[in-house]
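The residues making up each chain are set out below.
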Amino acid sequence: MTTTDILLCALGAVAIGAALRVVTTKHLVRAGLWLVVALAAMAGCYLVLTAELVAWVQVLIYVGAVVVLLLFATMLTRAPIGPSDELDRARIPAALIGLGSGGGLAAILFIGYRWTRVELSAPGTAAKLGAEIFSGWVLPFEVLSVLLLAALVGAIVVSRATGSLSSSAKPASGLRESKGAER
């Protein structure tokens, strides 16, 4: 076993452990922070595999933007930040579905490759990767950015609407009562 294998196994174990904490914690903010750990471990895996551009994109886009968006949306919508019983779902069916999906994927990979060695292609460069992302994958990339922007705007609208309704609900109900009293 090489040093690369050991680092990949260690970072994979960290990523899997953090991902399990994301789905098992009852604290929404802590789930977001565990997501940061899982995504950072995946970026470490990319660094070990000498895909520096993908690692930095992982850090900048997912850790820097998606998790921050998740935490801001949580705070703006006044979602429960502490432990919540609403986050406690049926764990046994979810675990069975997860184990079944993982087992099915492992079986497909095992049947597809058995113990054959797969020849790897020459490592790519940042220029090749950038050309591929911004030529063939530019539309999904832009759709994702618009979706994230819409989610942030939606969170702001929901937080503003909740605040304005609570302050204006009392005068509106008072007007209805006075109109009924005049008749």
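Residues numbered from 1 in each chain as written. Predicted model: local features only at pLDDT ≥ 70, side-chain atom pairs only at ≥ 80, totals over all residues. Heavy atoms only, no water.

A.B. asks: Looking at this structure, how should I read unusual backbone geometry?
C.D. replies: Apart from glycine, the bulk of residues carry a negative phi angle, and the bulk of peptide bonds sit in the trans form. Notably, Thr-50 is not glycine yet its phi reads approximately 60°, a positive angle. In this structure, Thr-50 sits in the loop between α2 (28-48) and α3 (52-76). (Helix = DSSP H or I, 4+ residues; strand = E, 2+ residues; numbered from the N terminus.)

A.B. asks: What's the story with the packing of α2 against α3 in this structure? I'm lost.
C.D. replies: Packed helices, taken two at a time, are described by their axes: the angle between them and the distance between them. Across the interface, α2 lies against α3 with an axial gap of 8 Å and an inter-helix angle of 175°. Comparing their axes, α3 and α2 come out roughly antiparallel. Each of Leu-28, Val-29, Gly-32, Leu-33, Leu-35, Val-36, Leu-39, Ala-40, Met-42, Ala-43, Tyr-46 and Leu-47 in α2 lies in contact with α3, whose residues at this interface are Glu-52, Val-54, Ala-55, Gln-58, Val-59, Tyr-62, Val-63, Val-67, Leu-70, Leu-71 and Thr-74. Split by residue class, the contact of α2 with α3 holds 19 nonpolar, three polar and one charged. (Axes fitted to C-alpha atoms, helices over the stretch in contact; angles between N-to-C directions. Parallel < 35°, antiparallel > 145°, perpendicular 65-115°, else oblique. Contact = heavy atoms within 4.5 Å. Nonpolar A, V, L, I, M, F, W, Y, C, P; charged D, E, K, R; others polar.)

A.B. asks: Honestly, the packing of helix α1 (residues 3-24) against α2 in this entry has me stumped. Any pointers?
C.D. replies: Two elements in contact, α1 and α2, have axes whose closest approach is 8 Å; the angle formed by their N-to-C orientations is 160°. Between α1 and α2, the interaxial angle falls into the category roughly antiparallel. Judged by the sense of rotation from one axis to the other, the crossing of α1 with α2 is left-handed. Contact residues: α1 offers Thr-4, Leu-7, Leu-8, Leu-11, Gly-12, Val-14, Ala-15, Ala-18, Ala-19, Arg-21 and Val-22, while α2 offers Ala-31, Trp-34, Leu-35, Val-37, Ala-38, Ala-41, Met-42, Gly-44, Cys-45 and Val-48. Residue composition of the contact of α1 with α2, grouped by class: 17 nonpolar, three polar and one charged. (Left-handed = near helix turned anticlockwise from the far one by under 90°.)

A.B. asks: It is not clear to me how the packing of aromatic side chains should be interpreted in this structure. Could you clarify?
C.D. replies: Geometry of an aromatic ring pair is reported as the spacing of the ring centres plus the angle between the planes. Under the definition given, this model contains one aromatic pair. Considering the side-chain rings of Phe-134 and Phe-141, the 5.6 Å spacing of their centres and the 85° angle between planes classify their relative orientation as edge-to-face. A relative accessible area of 52% places Phe-134 in the exposed class. Overall, the relative accessible area of 35% leaves Phe-141 in the partly exposed class. (Phe/Tyr/Trp six-rings, centres within 6.5 Å; stacked < 30°, edge-to-face > 60°. Buried < 20%, exposed > 50% of the residue type's maximum accessible area, 1.4 Å probe, protein only.)

A.B. asks: Would you mind showing me how to read the state of the cysteines here?
C.D. replies: Simply put, disulfide is the name for a covalent bond between the sulfur atoms of two cysteines. Scanning the model with the defined rule gives zero disulfides in all. Cysteine Cys-9 shares no disulfide, and the gap to the nearest cysteine sulfur, in Cys-45, comes to 9.3 Å. Take Cys-9: its relative accessible area is 46%, and that puts it in the partly exposed class. Residue classification places Cys-45 among the buried positions, given a relative accessible area of 9%. (Disulfide = S-S within 2.5 Å.)

A.B. asks: Can you walk me through the side chain of Gln-58 in this structure?
C.D. replies: Considering the arrangement of structural elements, one finds Gln-58 in helix α3. The exposure class assigned to Gln-58 is buried, which follows from its relative accessible area of 8%. Once you skip the residues sitting within four places of it in the chain, Gln-58 turns out to touch Leu-39, Met-42, Ala-43, Tyr-46 and Val-63.

Purely spatial values, then, with no claim about function.
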